[in-house]
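Chain and residue survey
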Amino acid sequence: MIEKQLTGLAADLDALTSAPAAHRGPRCHIGLLLEGADADVAESLRAVLETTVSATVIAEALGRHGNQVTAWTVNRHRRRGTPNGCRCPR
């Protein structure tokens, strides 16, 4: 009986490793912009995010075109893949 329980436990634990992680909170605004933008805009935004242009300047440029994004959001997206970054894939 114990052997069956352990086998069942192993299967349940294996299932947890393949299950998608539950994420709390809203999606990253930069990630949403990249998904919804046309190809040219998305490519330009990805390129500028990889430069040393300040997050404030990027946020101001996005804001002038109706996208209310803070410099903090830009910086968090730049740190994606780290514990204190956004959940967007690197």
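Residues numbered from 1 in each chain as written. Predicted model: local features only at pLDDT ≥ 70, side-chain atom pairs only at ≥ 80, totals over all residues. Heavy atoms only, no water.

**Details of the overall build of the protein chain**
The test is simple: Note on conventions: DSSP H or I runs of at least 4 residues are helices, E runs of at least 2 residues are strands, and numbering of each starts at the N terminus. For every residue, the accessible area (1.4 Å probe, protein chains only) is compared with the maximum for its type, and the residue is labelled buried under 20%, exposed over 50%, or partly exposed between those bounds. For every accessible area listed, the method is Shrake-Rupley and the probe measures 1.4 Å; residues are considered covered only by the protein chains on display.
Helices and strands together make up the secondary structure of the protein chain, namely 5 helices and 0 strands. Along the protein chain, helices (α) and strands (β) appear in the sequence α-α-α-α-α when read from the amino end. Taken across its 90 residues, the protein chain has 24% of its residues classed as buried. Summed over all atoms, the accessible surface of the protein chain reaches about 6,800 Å², with 59% contributed by carbon and sulfur.

**A word on the nonpolar core**
One recurring pattern in soluble globular proteins: nonpolar side chains tend to sit buried together. Formally: Residues belong to one nonpolar core when they are buried, are Ala, Val, Leu, Ile, Met, Phe, Trp, Tyr or Cys, and are joined through side-chain atoms within 4.5 Å.
In this structure, I30, L45, L62 and V74 are the most contacted members of the largest nonpolar core, which totals 15 residues. At the level of elements, α2 (29-36), α3 (39-49) and α4 (55-64) are the ones that each hand at least two residues to this core. A per-element tally of this core places α4 first, with 4 residues.

**A look at the side chain of R78**
Let me state the cut-off plainly: Charged residues are defined here as Lys and Arg on the positive side and Asp and Glu on the negative side; His and the ends of the chain fall outside this count. Salt bridges are counted wherever a side-chain nitrogen of Lys or Arg sits within 4 Å of a carboxyl oxygen of Asp or Glu. By definition in these notes, contact holds between two residues if any of their heavy atoms fall within 4.5 Å.
Within the secondary structure, R78 sits in helix α5 (residues 71-78). At 7.2 Å, E50 is the nearest oppositely charged side chain to R78, a buried residue that forms no salt bridge. Other than its neighbours up to four places away in sequence, R78 contacts V48, L49, T51, V53, S54, A55, I58 and R90.

**Some points on the packing of α4 against α5**
Two measures define how a pair of helices packs: the angle their axes make with one another and the distance between the axes. Which entries qualify depends on this criterion: The axes are straight lines fitted to the C-alpha atoms, using for helices just the contacting stretch, and the angles between their N-to-C directions are given from 0 to 180°. Here a crossing is called left-handed whenever its near helix is offset anticlockwise from the far helix by less than a right angle, and right-handed whenever the offset is clockwise.
Relative to each other, α4 and α5 sit at 115°, their axes nearing to 8 Å. α4 and α5 meet at a crossing whose hand is right-handed. Where α4 abuts α5, its residues A55, T56, I58 and A59 lie against A71, V74, N75 and R78.

**Notes on α3**
Defined as follows: Here, the arc refers to the directions that run from the helix axis to the C-beta atoms.
By the burial criterion, the buried members of α3 are A42, L45 and L49. Seen end-on, α3 carries its buried residues on one side only, within an arc spanning 65°. Structural note: α3 exposes A39, D40 and E43 on the side pointing more than 90 degrees away from its buried face. Buried residues in α3 make contact with α2, α4 and α5.

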